[in-house]
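# Chain and residue survey
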Amino acid sequence: QGLTFLVSYTISKTMEKAAFLNAQDTQLSRELTSFDVPQRLVVSGIYEFPVGPRRKWRNHGLVSHLIGGWDFNWILVVQSGTPMSYPDYYIQGNPKLTSGRTLSHWFDTSPAIWGQRPADTLRVTPLRSPNIRRHTAPQIDLTLTRQFAIHEGHRFEFKASAFNATNTPIFGFPDNNPPSPLFGVAPITQLNGPRSVEIGLRYVF
């Protein structure tokens, strides 16, 4: 009925062995990569409005050419954030908050969890956290197109696209330095682009 869509869902875990935890180690540490995204959902599709030439309604005459032939496209992406780097501290327990998480309090900063590593001891904390991840939010791009047939082999295309159509920001990593007064605070700095609208015209022959 003019609707085509694709849904894909990925569960993954991306690991690497590329760095030592300590300078005197003989084995590389097996760690999450900085770009690890454990869950990703993508929903995309196109809907052909049922009005216009070669469509269900109003498929003949001048009116069909004036108001018909529109297509609507979308791509929705919902995914996990990438892992935060751990400081070189001892960590007792899981600093991930189960409730009440905000940008100003992204994880549990209690001194009972974060302990400074004494001198002349080895680091045992992983380089990156599997539980504390960067802020993320659903992103959707929308496109509206219309093709006008001129004559055989020639057509004119109009396209209007809105990237990040909902103007939803994605913020950066929280401060991961325990002595800092901003420890656990995510900066209000937008990493993704704000809503961007493009209008294009193309003649195909």
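### Focus on the pairing of strand β10 (residues 139–151)
Two faces belong to every sheet, and in a regular strand the side chains alternate between them. In the sheet, strand β5 (residues 70–79) pairs with β10 via eight bridges, with the strands oriented antiparallel. The partner of valine 77 across the bridge, within β10, is glutamine 139. As judged from the nine bridges shared by β10 and strand β11 (residues 154–163), these two strands associate in the antiparallel manner. Looking across to β11, one finds that glutamine 147 is bridged to glutamate 157.

### Some remarks on empty space enclosed by the protein
With the rule as written, the count across this model stands at one cavity of 30 Å³ or more. In this structure, the largest cavity spans a volume of roughly 40 Å³. In terms of lining residues, the largest cavity is bounded by Pro95, Lys96, Leu97, Arg101, Trp106, Phe107, Asn131, Ile132 and Arg133. Of the residues in the lining of the largest cavity, the class split is five nonpolar, one polar and three charged.

### A look at the sheet that holds strand β12 (residues 196–204)
One open sheet holds the six strands; their spatial order is β1-β4-β5-β10-β11-β12, and the pairing between them is antiparallel. Two strands bound the open sheet, and with one partner strand each, they are β1 (3–11) and β12. The mean angle between the axes of side-by-side strands here comes to 10°, regardless of whether they run parallel or antiparallel. Inspection of the sheet shows strand β4 (residues 39–48) paired to β5 by nine bridges, in the antiparallel sense. From the neighbouring strand, glycine 45 faces β5, where its bridge partner is tryptophan 74.

Calculation notes
Residues numbered from 1 in each chain as written. Predicted model: local features only at pLDDT ≥ 70, side-chain atom pairs only at ≥ 80, totals over all residues. Heavy atoms only, no water. Pairing = 2+ DSSP bridges. Helix = DSSP H or I, 4+ residues; strand = E, 2+ residues; numbered from the N terminus. 1 Å grid on protein atoms, 1.4 Å probe; cavity = no way out; pocket = protein on both sides within 12 Å on 5 of 7 lines; lining within 4 Å. Points joined across faces, edges and corners; volume = space filled by probe spheres on them. Nonpolar A, V, L, I, M, F, W, Y, C, P; charged D, E, K, R; others polar. Axes fitted to C-alpha atoms, helices over the stretch in contact; angles between N-to-C directions.

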